[in-house]
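# Descriptive analysis of the structure
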Amino acid sequence: MSNEPRIWTLQDFEIGKALGKGKFGHVYLAREKRTHYIVALKMLSKRQLLESRMERQLRREIEIQSHLKHPNILRLFGYFWDEKRIYLILEYAPNGELFNELRIERKFSEPKSANYIEQVINALMCLHENNIIHRDIKPENLLNSCGVIKISDFGWSVHAPTTRRKTLCGTLDYLPPEMVCREEYDEFIDHWALGVLTYEFLVGEPPFESREPRETYRRIEGLQYNVPSHISEEARDFISKLLKRNPYERMSLEEALEHPWLVKHRNSMV
Ligand SMILES: Cc1cc(Cn2cc(-c3c(Cl)cnc4nc(-c5cn(C)nc5C)[nH]c34)cn2)no1
């Protein structure tokens, strides 16, 4: 997709199979007719967005994602609208959501987990350098494109710091204590989510998962999680240095990249 801005319409694309469904619409495989470039076309209902007062959040998503160019961040090439829908022209990730990959494999090996986590860290460094907090790092928002992990869905991203309350929807498992306790928060909430993500890759379920939301909150606030014995000491230490109650005691992204767990597997992946 060339970089110069142009006015796109639905007639510029041949629409293929459905790739996914979300609260406000669907994502379809699509091919741009002139260049045959393959994209993922997200089609969102204007009515549902307005009824849910999500138009400002969608504007923020477009503003943030359209300006980010990084190999581990899903590209937003452009957008357009018609009478009923808003369309986002997104990079297509051929291997789909990491969420499905993880459910099929149940849990990832340590080398695979370390490789994926390192790519997520690289994406987060780009976001934080641009003063952006993602706020929704989880397997559902990570896509796999031939082994290259892409952070997608910037619907909850904001500029740091903020006390803006994220209306809780979807999983609670990734919420950090400072959000559970309604405190001001900053980019270090993404560091916490990185620790939760690492645990879920290695164990197959998030560390604080409980049947009742109240119990999940209690376990998050109390940092009550167990690491199975099959997890290596290095991975255990990596997780523990991110799941800290005090956001400023959490390992920096630079320290995470140099942590023995990532260094060990980076050399083995060569
Ligand atoms: C609405 C709505 C749905 C979603 C979640 N979602 C994301 C995608 C998606 C995107 Cl944006 C880009 N590339 C994708 N590749 C796949 C895919 C590939 N395979 C083999 N299987 C799938 C699925 N999905 C992609 C689809 N849904 N966000 O907002």
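Residues numbered from 1 in each chain as written. Predicted model: local features only at pLDDT ≥ 70, side-chain atom pairs only at ≥ 80, totals over all residues. Heavy atoms only, no water.

## Thoughts on the environment of serine 66
On the secondary structure map, serine 66 appears in helix 2 (residues 55-66). Each C-alpha atom, one on serine 66 and one on tyrosine 217, is 34 Å from the other, the two residues being 151 residues apart in sequence. A polar atom in the side chain of serine 66 sits 3.3 Å from the backbone oxygen of glutamate 63. (Helix = DSSP H or I, 4+ residues; strand = E, 2+ residues; numbered from the N terminus. Polar contact = N/O pair within 3.5 Å; in protein donor to acceptor, adjacent residues only side chain to side chain.)

## Focus: the site of the ligand
As a matter of local geometry, the ligand sits amid 18 residues, with Leu19, Gly25, Lys42, Ala93 and Pro94 nearest to it. A distance of 3.4 Å is found between an oxygen atom of the ligand and a side-chain nitrogen or oxygen belonging to lysine 42. The contact in question runs from a nitrogen atom of the ligand to an N or O atom on the backbone of alanine 93, over 2.7 Å. Bound to the protein, the ligand loses 82% of the 620 Å² it would expose on its own. Looking at the shell around the ligand, the elements with two or more residues in it are strand 1 (13-22), strand 2 (25-32), strand 3 (38-45) and strand 5 (85-91). Considering every element that reaches the shell around the ligand, the biggest residue donor is strand 1, with four residues. Within the shell around the ligand, the residues separate by chemical class into nine nonpolar, five polar and four charged. (Near = heavy atom within 4 Å. Areas by Shrake-Rupley, 256 points an atom, 1.4 Å probe, with all protein chains shown as cover. Nonpolar A, V, L, I, M, F, W, Y, C, P; charged D, E, K, R; others polar.)

## A word on the sheet that holds strand 2
Taken together, five strands build an open sheet; the order of strands is 1-2-3-5-4 and the sheet is antiparallel. Here the strands that pair on one side only, and so sit at the sheet edges, are strand 1 and strand 4 (76-81). In this sheet, adjacent strand axes meet at a mean angle of 25° when their direction is disregarded. Across seven bridges, the pairing between strand 1 and strand 2 is antiparallel. Following the sheet pairing, glutamate 14 is matched in strand 2 by arginine 31. Its contacts with the sheet place helix 2 against strand 3, strand 4 and strand 5, and it is angled at close to 25° to strand 5. (Pairing = 2+ DSSP bridges. Axes fitted to C-alpha atoms, helices over the stretch in contact; angles between N-to-C directions. Contact = heavy atoms within 4.5 Å.)

## Regarding the domain arrangement of the protein
Taken as a whole, the protein is organised into domain 1 (10-91) and domain 2 (98-268). Between the C-alpha centres of domain 1 and domain 2 there is a distance of 26 Å. Each partner contributes residues to the interface: domain 1 has twelve residues there, and domain 2 has 22 residues. Taken over both partners, the interface formed by domain 1 and domain 2 buries close to 1500 Å², and the fraction arising from carbon and sulfur atoms is 60%. Together, Arg60, Ile64 and Asn72 form the three largest contributors to the area buried by domain 1 at its contact with domain 2, with a combined 37%. Seen at the junction of domain 1 and domain 2, the total is one salt bridge. (Domains from an automatic or database assignment. Buried area = accessible area lost by both parts, 1.4 Å probe. Salt bridge = Lys/Arg side-chain N within 4 Å of Asp/Glu carboxyl O.)

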